[in-house]
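Remarks on the overall topology
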Amino acid sequence: NDGDSVRLRVETDCDSDSEEVDIRGERIARGEANLTIDKSVDRNEALPGDVLSYTLTVRNTGSDSIDDVVVDDIHTSNRLTIFSAPGGQIRGNAIHWDLGRMERGAVRILHYTASVSLDAQNGDLIPNTATVTAPGQRASDTEFVRVIRALPQTGSPVMPLAASVVLIAGSIGSTIFTKRYFF
């Protein structure tokens, strides 16, 4: 021991109705808090360049408060750029919020916006997971956005071509049938 610190270890047998306290006599939470997180995004499909709005709802549905609550939202795809996260710290492809203490019944709503990369390809799936943690608590929720590309107004370019071939073939067939049997 260097003389600057004291280590104290206390073990006790407690029944389920007793409270645990720290060395200062402050109550220690015994896991009665229950953190949940719900994540939503304003659309399930997006075009390259679209701006997506995400909402995270963090709740303590337990019967006790909990300290040191943090939320981390991480996307593993290089197809998304985060550009606004009020109250959060943007760190590359992640956002970190330090929520501190959440009383029982507390609800915190977090928002952020991100844009879909211009080089995202049709069918790319952009996963994005938010996790809330605190001592003894962890919960996650994931949202997915699928990248789509705009089609021409008439639909797929193959359809008009196929329809033209059918019309031309039908016209030729009618002409041949007419010439062969009626003249």
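Residue numbers here run from 1 along each chain, matching the order of that chain's written sequence. Under the rules for a predicted model, residues below a pLDDT of 70 receive no local features and side-chain atom pairs below 80 are neither given nor counted, while totals for whole chains, interfaces and linings still include all residues. The basis for every side-chain value is the complete set of non-hydrogen atoms in the structure, without hydrogens or water.

**So, the overall build of the chain**
Operational definition: Helix and strand definitions follow DSSP, with helices as H or I runs of at least four residues and strands as E runs of at least two, each counted in order from the N terminus. When a residue's accessible area, from a 1.4 Å probe over protein chains only, is under 20% of the maximum for its type it is buried; when over 50% it is exposed; and in between it is partly exposed. Contact between two residues is taken to exist if any of their heavy atoms lie within 4.5 Å; hydrogens are not considered.
A tally of regular secondary structure across the chain gives one helix and 10 strands. Across the 183 residues that make up the chain, the buried fraction comes to 31%. Sequence separation of 24 or more characterises 68% of the internal contacts of the chain that already satisfy a separation of 6 or more.

**What to know about the environment of G92**
Structurally, G92 is set in the loop between β6 (89-91) and β7 (94-102). Separated by 18 residues in sequence, G92 and I74 have C-alpha atoms that sit 9.2 Å apart.

**Examining the pairing of strand β9 (residues 125-134)**
Applied cut-off: When DSSP finds at least two bridges between two strands, those strands are taken to pair.
When you tally the buried positions in β9, you get seven out of 10 residues, the bulk of the element. As defined by bridge partners, strand β4 (residues 66-74) adjoins β9 across five bridges and the pair is classed as antiparallel. If you follow V70 over to β9, its bridge partner there is T133. Here β9 pairs with strand β10 (residues 137-147) via 10 bridges, running antiparallel. Along β10, the bridge assignment pairs T131 with S140. Here β9 hands over to β10 after two residues, with G136 in that stretch at a positive phi of 80 degrees.

**Comments concerning the side chain of D124**
To keep it simple, the criterion reads: A 3.5 Å cut-off defines polar contacts: any pair of N or O atoms within that distance qualifies, except that in protein one atom must be a possible hydrogen donor and the other a possible acceptor, and neighbouring residues in sequence count only when both atoms are side-chain atoms.
In this structure, D124 sits in the loop between β8 (107-116) and β9. According to the relative accessible area criterion, D124 is buried, its value standing at 19%. Polar contacts involving the side chain of D124 include one to the side chain of R79, which spans 2.9 Å. Separated by 2.8 Å, the side chain of D124 and the backbone nitrogen of Q121 make a polar contact. Apart from residues lying up to four places away in sequence, D124 is in contact with R79, V145, R146 and V147.

**Observations regarding the nonpolar core**
Basically, it comes down to this: Only buried Ala, Val, Leu, Ile, Met, Phe, Trp, Tyr and Cys residues count toward a nonpolar core, and they belong to the same one when joined by side-chain atoms within 4.5 Å.
Ranked by size, the top nonpolar core spans 32 residues in total, and within it V71 and W97 carry the most contacts. Residue assignment for this core shows that the elements contributing at least two residues are β1 (35-41), β3 (51-60), β4, β5 (80-84), β7, β8, β9 and β10. In this view, V71 contacts I37, L56, V58, I95, H96, W97, L99, L110, T131 and V132; residues no more than four positions away in its chain are not counted.

**Things to note about the pairing of β7**
As paired strands, β4 and β7 are joined by seven bridges and run antiparallel to one another. From the neighbouring strand, V71 faces β7, where its bridge partner is W97. Sheet topology note: the β6/β7 ladder contains three bridges and is antiparallel. Bridged to I90 within β7 is I95. Between the antiparallel neighbours β6 and β7 lie two residues, among them G92 with a positive phi of about 65 degrees.

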